[in-house]
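A look at the structure
Now for the letters of each chain:
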Amino acid sequence: MGTLFLIKLSENDKRIIIALLFAIIIIFVLIGLLGSLVIRVMKWQGKKCDELINEVVINRIVTTPHQLKAYARKKNSRYFIKQAWIPVILITVGTLLLVIHNLVYKSWNYNPFNSKDGFGTLLFVWDFGHIFTKPETGTGILVNWPKLINEPHFEANAIFSYFIVPCYIVGGLWYFFIAQGYLARTLRAHKLAKTVFDKSLDNYNQTTPIQEVNTENTVQ
Amino acid sequence: MIGLLKAFGKGLLYVIGFPFFLLALLVFAVIGLLLFIYQIIRSIIYFFTGQKFFPELQEDKELRLRKEAANSANEIIDQPIEEHQDIVMPLIEERPMVSEPEGNSFETVEEACFNDTPLKQEEPEEEEEDVLASLTRDEPVKQETVEEEIIEEDNSFEEMKEETLKTAEDELTIAEDEELEEYIPKGSSITTDIDEEDTSNGVDIDYDL
């Protein structure tokens, strides 16, 4: 038989474990809330598909799910292009500046985010690589504060990165938001193709009396 | 507490599904970029062929044609009724009695030709205003009476014409036996004292107005 290890937890260890569990739960709760927010935003973006295909569907110009999907795809693509041209131009401008910088300095290994001649010169940068160290004597782990490597300052060599990085960040985030809308509208079109032409009898009951038409509200 | 657990459960699901969502997002981002490049190339071709950047789709064209047809039909229906409405004919009982004009017979040709009494046909403008006003006041239409009067006047004028012709013939037969009186038109005077020697300056004719 193998040796049994007795795990003894001190009070301090128990507290640490409980705190870690709470942290994990809170992290997952936050992820859940964030995910719900993303889903709500996608439903809101998907409503635009209804606006784009509304008149054609109501006037019964499209009469099959296939026709509705095809028309919705065309309208969706056009709307995506109308929305996406600004972020695409921003990303293109950022790329052009990067190419020009590489041509000027004759180096194609340039990282625009570094803290020496990049966008990092404008930020506080800490070294997290040496937080945990071993003590010279005894056992255990020493936890140290991270070392401050860089304080914000202006660097003339990094001027290209001051334009490249904002163009990439703003253009990239904006483009992904629009791509999310494109995905949302596509999903909405697939859902509408089923519901608009649905011949479900779920809530239909033939024994219920037919409601009389209210003549007061009819248009004379 | 239950809400917190629900959010925790959703968080677990979203952590599992996040890579798939990210993959779908990246795929759509790449498709969008390719669409963008394809549309730019198409727009260059459309530019040189004179077409729009986004030409009209078949479904949109059909929708536009249906709307135009519906609007033209609505315009015909919505036209005001007054343009098509004919003047309402009042009842015969409501029409005023039109008296025959006095002095239907004329003694001489001059009276028939140069009678000062104006014809009622010269007053249509005033009566037209009355007709419009009478339409709003639901009164009998005077235009009809004017037309009747005109018709009656025409008839009476023909009668007058016949009578004058008869009198003219009678007068001619009388005139053959008698000397013709010197005809002097109304409102004019002719100077008889004309100096035949001095006619270089013309004949003076005075009009007594």
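Residues numbered from 1 in each chain as written. Chains lettered and ligands numbered in written order. Predicted model: local features only at pLDDT ≥ 70, side-chain atom pairs only at ≥ 80, totals over all residues. Heavy atoms only, no water.

Thoughts on the overall build of chain A
Cut-off, in case you're wondering: Working definition: helices are DSSP H or I runs of at least four residues, strands are E runs of at least two. Numbering for both runs from the N terminus. Note on exposure labels: buried denotes an accessible area under 20% of the residue type's maximum, exposed denotes more than 50%, and partly exposed covers the range between, all computed with a 1.4 Å probe on protein chains only. Should any heavy atoms of two residues lie within 4.5 Å, those residues are considered in contact. Each accessible area value is a Shrake-Rupley result obtained with a 1.4 Å probe; residue values ignore everything except the protein chains displayed when judging cover.
Per the secondary structure count, chain A includes three helices and four strands. For chain A, the proportion of its 220 residues judged to be buried stands at 28%. Counted over contacts in chain A with a minimum sequence separation of 6, partners at least 24 positions apart contribute 69%. In the form shown here, chain A has an accessible surface area of approximately 16,700 Å², with 65% of it arising from carbon and sulfur atoms.

Description of the nonpolar core
Defined as follows: We call a set of buried residues a nonpolar core when its members are Ala, Val, Leu, Ile, Met, Phe, Trp, Tyr or Cys and they connect through side-chain atoms within 4.5 Å of each other.
Among the nonpolar cores identified, the biggest contains 17 residues, and Phe80, Ile81, Ala84, Tyr175 and Tyr182 of chain A together with Phe36 of chain B are the most heavily contacted of them. Looking at this core, the element that brings in the most residues is helix α3 (residues 159-195) of chain A, giving six residues. Dropping the residues within four chain positions of it, phenylalanine 80 of chain A is found in contact with Tyr175, Ile178, Ala179, Tyr182 and Arg185 of chain A together with Gly32 of chain B. With 14 residues, the next largest nonpolar core counts Ile61, Val62 and Ala193 of chain A together with Leu57 of chain B among its residues.

Quick word on helix α1 (residues 2-49) of chain B
Short version of the rule: Note that bend, as reported per residue, equals the angle between axes fitted to the 7 residues terminating at that residue and the 7 residues originating from it.
When the local axis directions of α1 of chain B are compared, the greatest deviation, roughly 45°, occurs at glycine 17 of chain B, which is followed within four positions by the proline proline 19 of chain B. Where α1 of chain B is concerned, the buried positions are Ala7, Gly11, Leu25, Phe28, Ala29, Gly32, Leu35, Phe36, Gln39, Ser43 and Tyr46 of chain B. Buried-residue contacts for α1 of chain B involve α1 (11-58), α2 (65-105) and α3 of chain A. In the stretch just after α1 of chain B, glycine 50 of chain B is the one whose phi turns positive, near 85°.

Details of a positive patch on the surface
Spelled out, the test is: Surface patches are defined over residues having more than 30% relative accessible area and no salt bridge, joining like charges when they lie within 9 Å and nonpolar side chains (Val, Leu, Ile, Met, Phe, Trp, Tyr) when within 5 Å. The term salt bridge refers to a pairing of a side-chain nitrogen on Lys or Arg with a carboxyl oxygen on Asp or Glu at a separation within 4 Å. Charge counting treats Lys and Arg as positive and Asp and Glu as negative, with His and both chain ends excluded. By convention, the point assigned to a charge is CZ for Arg, NZ for Lys, CD for Glu and CG for Asp.
A cluster of basic residues, Arg40, Lys43, Lys47 and Lys191 of chain A together with Lys6 and Lys10 of chain B, forms a positive patch at the surface. Of all the secondary structure elements, the ones that give two or more residues to the positive patch are α1 of chain A together with α1 of chain B. Of all the elements, α1 of chain A adds the most residues to the positive patch, at three residues. Residue placement: lysine 6 of chain B occurs in helix α1.

As for the interface of chain B and chain A
Worth spelling out the cut-off: By convention, the term buried area covers the 1.4 Å-probe accessible surface removed from two parts as they join, with the contributions of both added. We define a polar contact as two N or O atoms separated by no more than 3.5 Å, with the added condition that, inside protein, one atom must be a possible hydrogen donor and the other a possible acceptor, whereas residues neighbouring each other in sequence contribute only through side-chain atom pairs. Throughout, the ten residues Ala, Val, Leu, Ile, Met, Phe, Trp, Tyr, Cys and Pro are labelled nonpolar, Asp, Glu, Lys and Arg are labelled charged, and all others, Gly among them, are labelled polar.
The interface of chain B with chain A comprises 29 residues on the first partner and 34 residues on the second. Of the roughly 3,000 Å² buried between chain B and chain A on both sides combined, carbon and sulfur atoms contribute 78%. If you sort the residues of chain B by the area they bury against chain A, Phe28, Phe36 and Phe54 of chain B come out on top, with a joint share of 21%. At the boundary of chain B with chain A, the tally comes to two salt bridges. In this structure, lysine 67 of chain B and glutamate 55 of chain A form a salt bridge, with 2.5 Å as the shortest nitrogen-oxygen distance. Between the two partners, chain B and chain A, sit seven residue pairs in polar contact (both at pLDDT 80 or more). Counting residues per element, the ones that place at least two in the side of chain B that touches chain A are α1 and α2 (58-77) of chain B. Top contributing element to the side of chain B that touches chain A by residue count: α1 of chain B, with 20 residues. Considered class by class, the residues forming the side of chain B that touches chain A number 20 nonpolar, three polar and six charged.

A short note on a nonpolar patch on the surface
All names here are of chain A. A surface patch of nonpolar side chains, about 840 Å² in accessible area, is lined by Trp85, Ile86, Ile89, Val93, Phe113, Ile169, Val170, Leu173 and Trp174. Of all the elements in the fold, those that place two or more residues in the nonpolar patch are α2 and α3. Positionally, valine 170 belongs in helix α3. Exposure remark for valine 170: the relative accessible area of 45% places this residue in the partly exposed category.

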